[in-house]
Amino acid sequence: MVNPNKDKPDFYNDLDKIVDALWDLLLIGKNKSKSEFHQGYIATYNNNYPSIRTVVLRHVNKSKNTISFHTDIRSKKIEELKDNNKLSMLFYDHGKKIQLKISGDAVIHNENDLSRNAWDQSRSFSKKCYIVENAPGTSSDKPVSGYLPEHEQDLPNEDVLEKGYANFTLVEIQISNIEWLYLHRDGHRRALFTFENNVLIKKSWLTP
Ligand SMILES: Cc1cc2nc3c(=O)[nH]c(=O)nc-3n(C[C@H](O)[C@H](O)[C@H](O)COP(=O)(O)O)c2cc1C
């Protein structure tokens, strides 16, 4: 007799297993730079167009119900988040055929304990991004890296890198809902998880 569930993952028809799977995927994404969830795409509001860009997933905290990324306090996305702190972050793993859309409220951490801790744990190579002289997105009449000429080729020493700390910002997403989509030839699966005060209050299937 043919078993219809033979090539289907455990989570195919199980909302609780989906919750476990999605946090596992996020944790792997944070920890493994080659995993497909290592970066996602964050969408913010601005007054003209929807605004979207790639960021690296830097922190995943299941008990706090947050995920976070790092950015420059001078960037456009921060300006947009200060106007409206609602944002969504999208991930897709081509191999696993899983898409996650995480929506929530952004909490901006700059020059506080959380950002200090994240900065101290960052590699020098990552810190260098934050010493660009002008704000990211500043227009220029010639091609530019944003670094002073003496810092273009090399990794500056820690004293110079430390100047970037004032710009370094951790954006925490306090999750309100997670939408899951799994593609399968026998029928896709879509589910919605809603959180309130860090607690998962609703799990439901959606038509894909
Ligand atoms: C693979 C990849 C990873 C990126 N990671 C980050 C990141 O973690 N933080 C960040 O601020 N920008 C990151 N960027 C650059 C952003 O996508 C974006 O261009 C930049 O932050 C300016 O966005 P904004 O002007 O909308 O603020 C990354 C870009 C790529 C292609």
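The structure we're discussing is the one just above.
Below, the structure is looked at part by part. (Residues numbered from 1 in each chain as written. Predicted model: local features only at pLDDT ≥ 70, side-chain atom pairs only at ≥ 80, totals over all residues. Heavy atoms only, no water.)

**A few points about unusual backbone geometry**
Of note in this structure, Asn65 is not a glycine but carries a positive phi near 65°. Mapped onto the elements, Asn65 comes out in the loop between β3 (59–61) and β4 (66–72). For Glu111, which is not glycine, the phi dihedral falls at a positive 50°. With respect to the helices, strands and loops of the structure, Glu111 is situated in the loop between β6 (98–110) and α3 (113–121). (Helix = DSSP H or I, 4+ residues; strand = E, 2+ residues; numbered from the N terminus.)

**Comments concerning the pairing of strand β5 (residues 86–93)**
Residues Leu87, Met89, Phe91 and Asp93 of β5 are buried on one face, while the alternating residues Lys86, Ser88, Leu90 and Tyr92, pointing to the opposite face, are not. As paired elements, strand β1 (residues 39–44) and β5 share three bridges and run antiparallel to each other. Bridge assignment links Ile42 to a residue of β5, and that residue is Met89. Direction of pairing for β5 relative to β6: antiparallel, over a ladder of eight bridges. When the sheet's bridge partners are listed, Lys86 is paired in β6 with Asp105. Between β5 and the antiparallel strand that follows it, β6, lie four residues; Lys97 among them carries a positive phi value of about 60°. (Buried < 20%, exposed > 50% of the residue type's maximum accessible area, 1.4 Å probe, protein only. Pairing = 2+ DSSP bridges.)

**Quick notes on the site of the ligand**
Looking at the ligand, the residues that line it are Arg53, Thr54, Val55, Val56, His70, Thr71, Ser75, Lys76 and Lys77. Thr71 is positioned with one of its side-chain polar atoms (N or O) 2.6 Å from an oxygen atom of the ligand. Look at the ligand: alone it shows 610 Å² of surface, and the protein chains cover 57% of it. Counting only elements with at least two residues in the shell around the ligand, the list comes to β2 (51–56), β4 and α2 (76–83). When residues in the shell around the ligand are grouped by element, the largest group, four residues, is from β2. Tallied by class, the residues present in the shell around the ligand amount to two nonpolar, four polar and three charged. (Near = heavy atom within 4 Å. Polar contact = N/O pair within 3.5 Å; in protein donor to acceptor, adjacent residues only side chain to side chain. Areas by Shrake-Rupley, 256 points an atom, 1.4 Å probe, with all protein chains shown as cover. Nonpolar A, V, L, I, M, F, W, Y, C, P; charged D, E, K, R; others polar.)

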